[in-house]
Amino acid sequence: LYQSGVPIEYLEQLNDAGYLGDEFSYSAVIGLYNSDVPVEYINGLNAINLLDEFSYSAIIGLYNSGVSMEYLNSMNEAGYLDEFSYSALIGLYNTDVPIDYLDGMNDAGYLDEFSYSAIIGLYNSDVTIDYLNDMQSSGLMDEFSGDTDAGTGTYQPMTLEEHWNSDHMKSARRRMMA
């Protein structure tokens, strides 16, 4: 701790809050301090009973990405903390995807069908749940996923080799070389 520059005051704050020992290891303390995570942010997570939900590296990421306690608490209350990684939470927060959009995706059964980055893209492209529903009811949804057998809705993950040799990738390579 000394060689990493962690001041006694930071250690005292963590100790006074009861975080030293069981909650954070010395390497976690070094990481938190060197990433400028204030004890107040950790206290905020603890106050909304989410401190045990995140690793210290996740706490660093959340803090340094500006993710608010209000947002984390809302995501927890909506039941989405188990659905998304901390990096996904950061992405969703920083691209302003509202919880009501996630609720709509969840209610329609799409939350498990799309990655968080796809959800961000859909939201920021103003794609409505109604539009997705129309695509689904028209049988077109499966036509846009490389990991779904066209028209069957059956998830069939591609290998990297299959993806690389797919018609789509061959076409993309031809366009890039033109």
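Trainee: Just checking my understanding: could you explain the overall build of the protein chain for this structure?
Mentor: Secondary structure assignment for the protein chain yields eleven helices and zero strands. Sequence-ordered secondary structure for the protein chain, helices as α and strands as β, is α-α-α-α-α-α-α-α-α-α-α. Taking all 178 residues of the protein chain together, the buried fraction comes to 33%. With an accessible surface of roughly 11000 Å², the protein chain has 47% of that area assigned to carbon and sulfur atoms.

Trainee: How should I be thinking about helix α9 (residues 129-137) in this particular structure?
Mentor: Residues separated by three or four positions in an α-helix point in the same direction, a consequence of the helix having 3.6 residues per turn. Among the residues making up α9, those that are buried are Ile129, Leu132 and Met135. Taken around the axis of α9, the buried residues stretch over an arc of 120°, which confines them to a single face. The exposed set on the far side of α9, more than 90 degrees from its buried face, consists of Asp130 and Ser137.

Trainee: Sorry, what's going on with unusual backbone geometry here?
Mentor: With the exception of glycine, most residues fall at negative phi, and the peptide bonds are largely trans. The backbone phi angle of Asn49 is positive, close to 60°, even though this residue is not glycine. Mapped onto the elements, Asn49 comes out in the loop between α3 (39-47) and α4 (56-64).

Trainee: What's the story with the environment of Gly109 in this structure? I'm lost.
Mentor: Within the secondary structure layout, Gly109 lies in the loop between α7 (99-107) and α8 (116-124). Here Gly109 falls in the partly exposed class, since its relative accessible area comes to 41%. When the C-alpha positions of Gly109 and Asn133 are compared, they lie 9.8 Å apart, and in sequence the two are 24 residues distant.

Trainee: Explain α3 to me, please; I cannot follow it from the model alone.
Mentor: What α3 keeps buried is the set Val39, Tyr41, Ile42, Gly44 and Leu45. In this structure, the buried side of α3 is in contact with α1 (8-16), α2 (26-34), α4 and α5 (69-77).

Trainee: What am I meant to see in the packing of helix α6 (residues 86-94) against α8 here?
Mentor: When two helices pack together, their arrangement is given by the angle between the helix axes and the distance between those axes. Close contact between α6 and α8 brings their axes to 10 Å; oriented N to C, the two are set at 10°. Classed by the angle they form, the pair α6 and α8 counts as roughly parallel. Only Tyr116, Ile119 and Ile120 of α8 make contact with α6, whose side of the interface consists of Ser87, Ala88, Gly91 and Leu92. Split by residue class, the contact of α6 with α8 holds five nonpolar, two polar and no charged.

Trainee: Please explain a negative patch on the surface as it appears in this structure.
Mentor: On the surface, a cluster of negative charge is contributed by Asp52, Glu53, Asp82, Glu83, Asp112 and Glu113. Its location among the elements puts Asp82 in the loop between α5 and α6.

Trainee: For this particular structure, what's the right way to read the nonpolar core?
Mentor: In a soluble, globular protein the nonpolar side chains are often hidden away together inside. Membership of the largest hydrophobic core comes to 49 residues, with the highest contact counts inside it found for Phe54, Met75 and Phe84. Other than its neighbours up to four places away in sequence, Met75 contacts Tyr80, Leu81, Phe84, Leu89, Leu92, Ile99 and Leu102.

Trainee: When you look at the environment of Ile90 in this model, what are you seeing that I'm missing?
Mentor: Relative to the assigned elements, Ile90 resides in helix α6. Taking the C-alpha atoms as reference, Ile90 lies 9.4 Å from Tyr63; in sequence the two are 27 residues apart. Ignoring anything within four residues of it in the chain, the contact list for Ile90 reads Gly61, Leu62, Ser65 and Val67.

Trainee: Honestly, the packing of α1 against α2 in this entry has me stumped. Any pointers?
Mentor: Two numbers describe how α1 lies on α2: the axes approach to 11 Å, and their chain directions differ by 115°. Between α1 and α2 lies a crossing of right-handed hand. Here α1 contributes Tyr10, Leu11 and Leu14 to the contact with α2, which in turn contributes Val29, Leu32 and Tyr33.

Conventions used here
Residues numbered from 1 in each chain as written. Predicted model: local features only at pLDDT ≥ 70, side-chain atom pairs only at ≥ 80, totals over all residues. Heavy atoms only, no water. Helix = DSSP H or I, 4+ residues; strand = E, 2+ residues; numbered from the N terminus. Buried < 20%, exposed > 50% of the residue type's maximum accessible area, 1.4 Å probe, protein only. Areas by Shrake-Rupley, 256 points an atom, 1.4 Å probe, with all protein chains shown as cover. Arc of directions from axis to C-beta. Contact = heavy atoms within 4.5 Å. Axes fitted to C-alpha atoms, helices over the stretch in contact; angles between N-to-C directions. Parallel < 35°, antiparallel > 145°, perpendicular 65-115°, else oblique. Nonpolar A, V, L, I, M, F, W, Y, C, P; charged D, E, K, R; others polar. Patch = residues over 30% accessible without salt bridge, like charges linked within 9 Å, V, L, I, M, F, W, Y side chains within 5 Å. Salt bridge = Lys/Arg side-chain N within 4 Å of Asp/Glu carboxyl O. Lys, Arg positive; Asp, Glu negative; His and termini not counted. Charge placed at Lys NZ, Arg CZ, Asp CG, Glu CD. Core = buried A, V, L, I, M, F, W, Y, C linked by side-chain atoms within 4.5 Å. Left-handed = near helix turned anticlockwise from the far one by under 90°.

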